[in-house]
Amino acid sequence: MADGFVSRGFEGKRRTGAGNVQRIPPGQYETRDFPVLSAGPTPRVALERWSFSIDGLVTQKARWSWDEFLKLPAQEFTVDIHCVTKWCKVATRWRGVSVDTLLEQVEIDPRAQFVTAYTIEGYTTNIALPDLLNGRAFVAYEYDGKPLMPAHGGPVRLVVPALYFWKSAKWVTGLTLMDHDAAGFWEQLGYNNHGDPWKEERYSGD
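Everything quoted here is computed from the prediction, not taken from an experiment. (Residues numbered from 1 in each chain as written. Predicted model: local features only at pLDDT ≥ 70, side-chain atom pairs only at ≥ 80, totals over all residues. Heavy atoms only, no water.)

S.K.: Help me understand the pattern of salt bridges, please; the structure alone is not making it clear to me.
M.R.: Should their charged atoms come close, side chains of opposite charge can pair. All told, the structure shown has 6 salt bridges when counted by the stated rule. In this structure, Arg95 and Glu76 form a salt bridge, with 2.8 Å as the shortest nitrogen-oxygen distance. Taken together, the positions of Arg95 in strand β5 (residues 87-98) and Glu76 in strand β4 (residues 75-82) put the pair 19 residues apart, joining distant regions of the chain. A salt bridge links Arg202 to Glu200; the nearest nitrogen and oxygen atoms lie 2.8 Å apart. For Glu200, a relative accessible area of 31% translates into the label partly exposed. (Salt bridge = Lys/Arg side-chain N within 4 Å of Asp/Glu carboxyl O. Helix = DSSP H or I, 4+ residues; strand = E, 2+ residues; numbered from the N terminus. Buried < 20%, exposed > 50% of the residue type's maximum accessible area, 1.4 Å probe, protein only.)

Here's what the structure looks like:
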């Protein structure tokens, strides 16, 4: 699983509050820390050169600079997150732009069924388009009331709470809409193509 490329800062305390038991998927445990797990070094991003794009099966590519992105309608989100390394963190607080809002800015080709999220350092992950729609995903630039730290994916990261957290790509810079599925970084290395924590879809064949 390309262990040599993974930062291993995810040794949180294993605990589950009595009121949170029903929120923890099978095989997971609750942590109050926010572990760091990355497939490479943390990039440093100059905001004046940063941009976010939606391309692929759209009539015309959309692109926002940092200042333009911050002017998009934003929301507060409180969600539970679940990492494939078996930790969960409940009631995490974010601020960002819903993927629904972003996709409203483009005309989507009816053939589009899948999305590849891509990042500053070349990481990709694949997600079925329905898993991003109807409030299921957002692009966050604040965490717990503060700008999102680089170690956690800042300046922005994709957050898809219903799927294991490797699908919530750090340092995300765009979404490509496609008519076919294409495995991303971890999916090519044996992780599950979908990643539903409630079904324990950790690895290929689960």
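S.K.: Can you walk me through the environment of Glu187 in this structure?
M.R.: Examined against the element boundaries, Glu187 turns out to sit in helix α3 (residues 185-188). Of the residues examined, Glu187 reaches a relative accessible area of 8% and is grouped as buried. A polar contact of 2.7 Å, which involves the side chain of Glu187, links it to the side chain of Trp166. (Polar contact = N/O pair within 3.5 Å; in protein donor to acceptor, adjacent residues only side chain to side chain.)

S.K.: When you look at the state of the cysteines in this model, what are you seeing that I'm missing?
M.R.: Note on terminology: disulfide describes a covalent bond linking the sulfur atoms of two cysteines. Evaluation of the coordinates by the stated rule reveals 0 disulfides. Note on Cys83: no disulfide assigned, nearest cysteine sulfur contributed by Cys88 at a separation of 8.8 Å. Here Cys83 falls in the buried class, since its relative accessible area comes to 5%. Cys88 gets classed as buried once you look at its relative accessible area, which sits at 0%. (Disulfide = S-S within 2.5 Å.)

S.K.: I'm lost on the sheet that holds strand β7 (residues 124-128) in this one. Help?
M.R.: The strands that make up a sheet are held in pairs by hydrogen bonds between backbone atoms, and each pair lies either parallel or antiparallel. Sheet architecture is open: 5 strands sit in the order β3-β2-β11-β6-β7, paired in mixed fashion. The open sheet has two edge strands, β3 (62-65) and β7, and neither has a second partner. The mean inter-strand angle of the sheet, taken between neighbouring strand axes irrespective of direction, is 15°. (Pairing = 2+ DSSP bridges. Axes fitted to C-alpha atoms, helices over the stretch in contact; angles between N-to-C directions.)

S.K.: I would appreciate a short explanation of the nonpolar core in the present structure.
M.R.: Note that soluble globular proteins tend to have their nonpolar side chains buried in a common cluster. Core analysis: the largest hydrophobic core is formed by 52 residues, its most contacted members being Phe52, Ile54, Phe69, Trp94 and Leu102. With 5 residues, the top contributor of residues to this core is strand β8 (residues 138-143). Leaving out residues up to four positions away in the same chain, Phe69 has contacts with Trp50, Phe52, Trp64, Val97, Leu102, Val139, Tyr141 and Val156. (Core = buried A, V, L, I, M, F, W, Y, C linked by side-chain atoms within 4.5 Å. Contact = heavy atoms within 4.5 Å.)

S.K.: Would you mind going over the pairing of β4 with me for this structure?
M.R.: The two faces of the sheet receive side chains in turn, since in a regular strand these alternate between them. With 7 bridges joining them, β4 and β5 adopt antiparallel strand pairing. Within β5, the residue paired with Phe77 across the bridge is Trp94. Where β4 folds back on β5, the antiparallel hairpin that results is connected by 4 residues, among which Lys86 adopts a positive phi of roughly 90°.

S.K.: How should the pairing of β5 be read in this particular structure?
M.R.: For β5, a buried count of 9 out of 12 residues is recorded, marking the element as mostly surrounded by other parts of the structure. The pairing of strand β1 (residues 29-30) with β5 spans 2 bridges and is classified as parallel. What sits directly across from Glu30, in β5, is Cys88. Both β5 and β8 contribute to a ladder of 5 bridges, which runs antiparallel. Note that in β8 the partner of Arg95 across the bridge is Glu142.

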